[in-house]
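So the chains spell out like this:
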Amino acid sequence: MNLRSLEIFVTSVEEDNMSRAAERLGLTQSAVSQAIANLEKSIGAQLVDRTVRPARLTLLGTTFYKGALELLGRARILEQSVDLDMNKLLPLLRIGMVDSFAATVGPHLVKALDTIAAQWSVLSGINETSVRALLERRVDFVITSDNSHNLFELTVLPIFEEPFFIVAPPSSSPEPKTAEQLCEEMPLIRYSRSSFFGRQVDDYLREHALSPQHRYELDTSDAVLGMVGAGIGWTIATPLVVLKSVRSDTDLRIYPLSKAPMSRTLWLIAQRTENAELSQRIAKAAQEAIFTGFLPKISGLGGLTTTEALRIGGLSVNQFKAHI
């Protein structure tokens, strides 16, 4: 039994398919199958029940998987600690970033931290920016709005809090309209209900008894705001989402939410046992990238978003400026 065989076993469980596991590991399917068989032989017990289709873990296999996952995680922590102490590049840094952050602030963050890793893997899909991806060790760090982190013992550092506002088609009146008015006039272009962003918007609508016409649901902010720009409907968005998806805010009408204000917080989340210094370094670089590169754009967006509506690292903009 060795770390490589444990890695093969854990990957095959995560992918739930030996072909996909082999592709991910750069091996043949037969090599993956043989490695798992050798692992079972070495411990003298069956880990996978091959009599059912698809194959499933045995009771012992489930227990073994959890232990193997923890052991591999500890091995990676040890490797990172040694590399950092020796001022070496990490061989690979895997970080999940929500799409609107990855496309706007992400390049500035990577540039600022380029020297800490030999290779970067930046992932922005829904599954890769979840707390679950972190717990399953598919990423090392995640910048996300997934608030399920409070259910686990994790390192959580606030990066950025931004307000939501109404985004309407260019043909709408320049005078602010309420969400109630827009509900009567045109459909809501909604985000996928599987996304953190979409669920937060849906919760807000439900909490304030708003019942928009639901005809369109799309899984990317680019597609949502593209539909709004085409005059098909309206939506609710944040500054980073608009900056990512729209060339100029003059292409759209931006109004404040008529009900109670709503905001989303992006956190840097890491395993509690990971290198605390590295977590702090990534969080600080992300905060400074927002402050230096995006605050002017965000503050003037639609003439609505003032610095008082934003928080960086849990501080007001003025407090953050004084802090740095």
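Residues numbered from 1 in each chain as written. Predicted model: local features only at pLDDT ≥ 70, side-chain atom pairs only at ≥ 80, totals over all residues. Heavy atoms only, no water.

J.: Would you mind going over the overall build of the protein with me for this structure?
T.: Across its full length, the protein holds 14 helices and 14 strands. On the principal axes, the C-alpha backbone points of the protein span a range of 75 × 50 × 30 Å. Here the protein holds 324 residues, and 46% of them are scored as buried. As displayed, the protein offers around 16,100 Å² of accessible surface, 51% of which is attributable to carbon and sulfur atoms. (Helix = DSSP H or I, 4+ residues; strand = E, 2+ residues; numbered from the N terminus. Buried < 20%, exposed > 50% of the residue type's maximum accessible area, 1.4 Å probe, protein only. Areas by Shrake-Rupley, 256 points an atom, 1.4 Å probe, with all protein chains shown as cover.)

J.: How should the pattern of salt bridges be read in this particular structure?
T.: Between side chains of opposite charge, a pair can form when the charged atoms approach closely. The tally for this structure, following the rule as stated, stands at 15 salt bridges. A salt bridge links glutamate 15 to arginine 20; the shortest N-O distance between them is 3.6 Å. The exposure class of arginine 20 is partly exposed, given its relative accessible area of 42%. Connected through shared salt-bridge partners, Glu14, Glu15, Arg20 and Arg24 make up one network. (Salt bridge = Lys/Arg side-chain N within 4 Å of Asp/Glu carboxyl O.)

J.: Before we go on, may I ask you to explain the sheet that holds strand β10 (residues 235–237) in this structure?
T.: Sheet strands associate in pairs through backbone hydrogen bonding, adopting either a parallel or an antiparallel arrangement. Ordered by their spatial adjacency, three strands build an open sheet running β10-β7-β11, and the pairing between neighbours is antiparallel. Of all strands in the sheet, those bounded by a partner on one side alone are β10 and β11 (253–255). Taking the axes of each pair of neighbouring strands and ignoring which way they run, one obtains an average angle of 35° across the sheet. Here three bridges tie strand β7 (residues 165–168) to β11, and the two strands are oriented antiparallel to one another. Bridge pairing in β11 links alanine 168 to arginine 253. (Pairing = 2+ DSSP bridges. Axes fitted to C-alpha atoms, helices over the stretch in contact; angles between N-to-C directions.)

J.: Which parts of the structure should I look at to understand the environment of glutamate 128?
T.: The topology assignment puts glutamate 128 in the loop between β4 (120–123) and α7 (131–135). Overall, glutamate 128 belongs to the partly exposed group, its relative accessible area being 28%.

J.: What is the right way to look at helix α1 (residues 3–15) in this model?
T.: Since there are 3.6 residues in each turn of an α-helix, residues three or four apart along the chain are aligned in direction. Here α1 contains 13 residues, and its C-alpha end-to-end distance of 18 Å stays within 8% of the 18 Å for a straight helix at 1.5 Å per residue. The distance from a side-chain oxygen at the start of α1 to the backbone nitrogen of arginine 4 is 3.1 Å, and the residue carrying that oxygen is asparagine 2. (Expected span 1.5 Å × (residues − 1). Polar contact = N/O pair within 3.5 Å; in protein donor to acceptor, adjacent residues only side chain to side chain.)

J.: Can you help me understand the environment of leucine 157 in this one?
T.: Structurally, leucine 157 can be placed in strand β6 (residues 154–163). Exposure remark for leucine 157: the relative accessible area of 14% places this residue in the buried category. Sequence separation between leucine 157 and glycine 313 is 156 residues; the distance between their C-alpha atoms is 7.3 Å. Excluding its chain neighbours within four sequence positions, the residues that come into contact with leucine 157 are Leu266, Trp267, Leu268, Ser279, Gln280 and Ala283. (Contact = heavy atoms within 4.5 Å.)

J.: Mind showing me how you'd approach the packing of helix α2 (residues 18–25) against helix α3 (residues 29–43) here?
T.: The relative placement of two packed helices comes down to the angle between their axes together with the axis-to-axis distance. Contact geometry for α2 and α3: axes closest at 8 Å, N-to-C directions at 100°. In terms of orientation, α2 and α3 fall into the roughly perpendicular class. For the pair formed by α2 and α3, the contact residues are Met18, Ser19 and Ala22 on the first element and Gln29, Val32, Ser33 and Ile36 on the second. In the contact of α2 with α3, the residues fall into four nonpolar, three polar and no charged. (Parallel < 35°, antiparallel > 145°, perpendicular 65-115°, else oblique. Nonpolar A, V, L, I, M, F, W, Y, C, P; charged D, E, K, R; others polar.)

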